Amino acid sequence: MVTTAVVAGVKVDTRHWIGGQRVASATTFADVSPLDGTVIADIARGGQAEIDAAVAAAKAAFVTWSRTAPAERAAVLHRIADGVEARLEDLAQVETMDNGSLLRSHRRGVMPRVAMNFRFFADHLLTLSHDDFDTRGHRNHITWDPAGVTAVITPWNAPLMLATWRIAPALAAGNTVVAKPPEWAPLTASLLADIATEAGLPAGVFNVVQGLGTEAGAPLTAHPDVRRISFTGSVPTARKVGEAAASNITPVSFELGGKSPLVIFDDADLDLAVDIAVEQFDNSGQVCLAAVRILVQDGIAEEFQRRFLAKAAHVVQGDSRDESTGIGPLVSKTHLDRVDGFVQRAKSDGVTVLLGGEPNHELNLATGGFFYLPTVFADVDPTMEIVCHEVFGPVLTLQTFTTEADGVAMANDTEYGLAATIVTGSQDRAERVSSLVSAGTVWINCFFVRDLSAPFGGNGRSGIGREGGTWSFDFYCDVKNSVFAPKGWSAHG
Ligand code: NAD
């Protein structure tokens, strides 16, 4: 049985990581690179048995890890961050081959953020206050207790960054983790297991079960010994995870999809607005936060459209390992077909194609990869599928509005509420509009500025709960109030 793959020159173990051991499964699944369509690894295909073993290992390890002093836990997390930094180039290369995102983004943004996830939550753990206050002479003592085994299920668009954004606070809180990586990009989770072990994380504290969502993810979310489920993914899967969680009353944190607006007012700095709009093609639009509904006030709509299309037409599509590439492939052929389905239906609905509107056939033929042309539609109707449903690809729609109130109403005309971006030259308008827009994060004259101490999450169908800073510990901990009677106190006075 093949147990390792060599990807971009990096050796990756393709088995599970359970209780400090590499564990194989009877079957495997193929991991395909979106850059050229080749199989780069055969990954262990876990199911109920592997999940049971991983949860049992995590439950056993919880006894000691949950009682390990916070300073010691924090030190291990910092050593994991050191390991991520030491292997940054390996992680970046492997992730690029696996999910097709740009190598330069992995090197300069994503992988440093992975290390930061561990450092931030290690440090934040040590600042958590254990409040005490008095009630008629009785002392209320509030503590943040570790909750138990935590399931972390994540998608493929930023695999290691999104996984560690959940794994790091869970471990910091004193929980143990069973991670189910995305089947379309499973490799860096395996490298993380190596790094965590080298950093001295005890066996069983962090486990990885590879596999498909229905076969490995579903039994993990239904497991009665799982005390927290942290899920990042799509709304349809979240419904299933929610049902499984309900049977055990397991608390969930859901970070789901979006259909976020970019609202550009006629007093905006147009160069800035254009730059932000073009940024929405980053990662081929496979970004939950992407502001894919561009709403422009009608006085500047024509000029904005002209400048935006001119700039968007120059985004270079190609090999994600090249420095000059601005947009890589979609993650898989299945996903390309899904994105194309949305685009072709939109065309049938009568939209105007301003840019793209089809796969990059030439590049796909030349490389075997899954490239989709950056696409912009105008003349869209607010009820159209292309405006209402998350595409998760490089597909943007342009709409215009007349008054500020119209702009706000259109921004809020969605069942999602993950993020909103506003471009305006007026501070008063910025304050007004940001207070009226329904979203977990609102960016004003900027985009994608994230501080790990800020709450992150979505309204409506975009999720349940917030993570980041103390909000993460709120979720991963069982907060307890111990009430101490004063010395000599008697119930009978
Ligand atoms: P998905 O829901 O198909 O899969 C997400 C994960 O769930 C995968 O690991 C998958 O194997 C697993 N899964 C699938 N079926 C399962 C089941 N029945 N039980 C348990 N687990 C199961 O999503 P995707 O296509 O991988 O990712 C794209 C989605 O993720 C988009 O909707 C995107 O907006 C969302 N996303 C949200 C955020 C955020 O922070 N809000 C970040 C990134 C991506």
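Residues numbered from 1 in each chain as written. Predicted model: local features only at pLDDT ≥ 70, side-chain atom pairs only at ≥ 80, totals over all residues. Heavy atoms only, no water.

**Here's the deal with the site of the ligand**
Near the ligand lie 28 residues; those nearest to it are Lys 180, Glu 183, Ser 234, Leu 256 and Glu 390. The contact in question runs from an oxygen atom of the ligand to an N or O atom on the side chain of Ser 234, over 2.7 Å. The separation between a nitrogen atom of the ligand and a polar main-chain atom of Leu 256 is 2.7 Å. Look at the ligand: alone it shows 850 Å² of surface, and the protein chains cover 90% of it. Looking at side-chain class alone, the shell around the ligand contains 14 nonpolar, 9 polar and 5 charged residues. A domain split of the shell around the ligand shows at least three residues from each of domain 1 (4-256 + 462-481) and domain 2 (261-444). (Near = heavy atom within 4 Å. Polar contact = N/O pair within 3.5 Å; in protein donor to acceptor, adjacent residues only side chain to side chain. Areas by Shrake-Rupley, 256 points an atom, 1.4 Å probe, with all protein chains shown as cover. Nonpolar A, V, L, I, M, F, W, Y, C, P; charged D, E, K, R; others polar. Domains from an automatic or database assignment.)

**Topic: the layout of surface pockets**
Estimates place the volume of the largest pocket at around 1,100 Å³. Every residue lining the largest pocket is counted, 41 residues in all, and those nearest its centre are Trp 156, Phe 231, Gly 233, Ser 234 and Thr 237. When contributions to the lining of the largest pocket are tallied by element, the ones reaching two or more residues are helix 7 (213-221), strand 12 (226-232), helix 8 (235-248) and helix 11 (333-348). For the lining of the largest pocket, the residue count by class is 18 nonpolar, 14 polar and 9 charged. Here the lining of the largest pocket gathers at least three residues from each of two domains, domain 1 (4-256 + 462-481) and domain 2 (261-444). Every residue lining the second largest pocket is counted, 32 residues in all, and those nearest its centre are Val 110, Asp 282, Asn 283, Val 287 and Phe 448. Secondary-structure elements contributing two or more residues to the lining of the second largest pocket are helix 4 (103-125), helix 5 (159-172) and helix 9 (270-279). By residue number, the principal contributor to the lining of the second largest pocket is helix 4, which donates 7 residues. Each residue belonging to the lining of the second largest pocket can be placed in one class, and the counts come to 16 nonpolar, 9 polar and 7 charged. When residues of the lining of the second largest pocket are assigned to domains, at least three map to each of domain 1 (4-256 + 462-481) and domain 2 (261-444). (1 Å grid on protein atoms, 1.4 Å probe; cavity = no way out; pocket = protein on both sides within 12 Å on 5 of 7 lines; lining within 4 Å. Points joined across faces, edges and corners; volume = space filled by probe spheres on them. Helix = DSSP H or I, 4+ residues; strand = E, 2+ residues; numbered from the N terminus.)

Treat this as a map of the structure, not an account of what it does.
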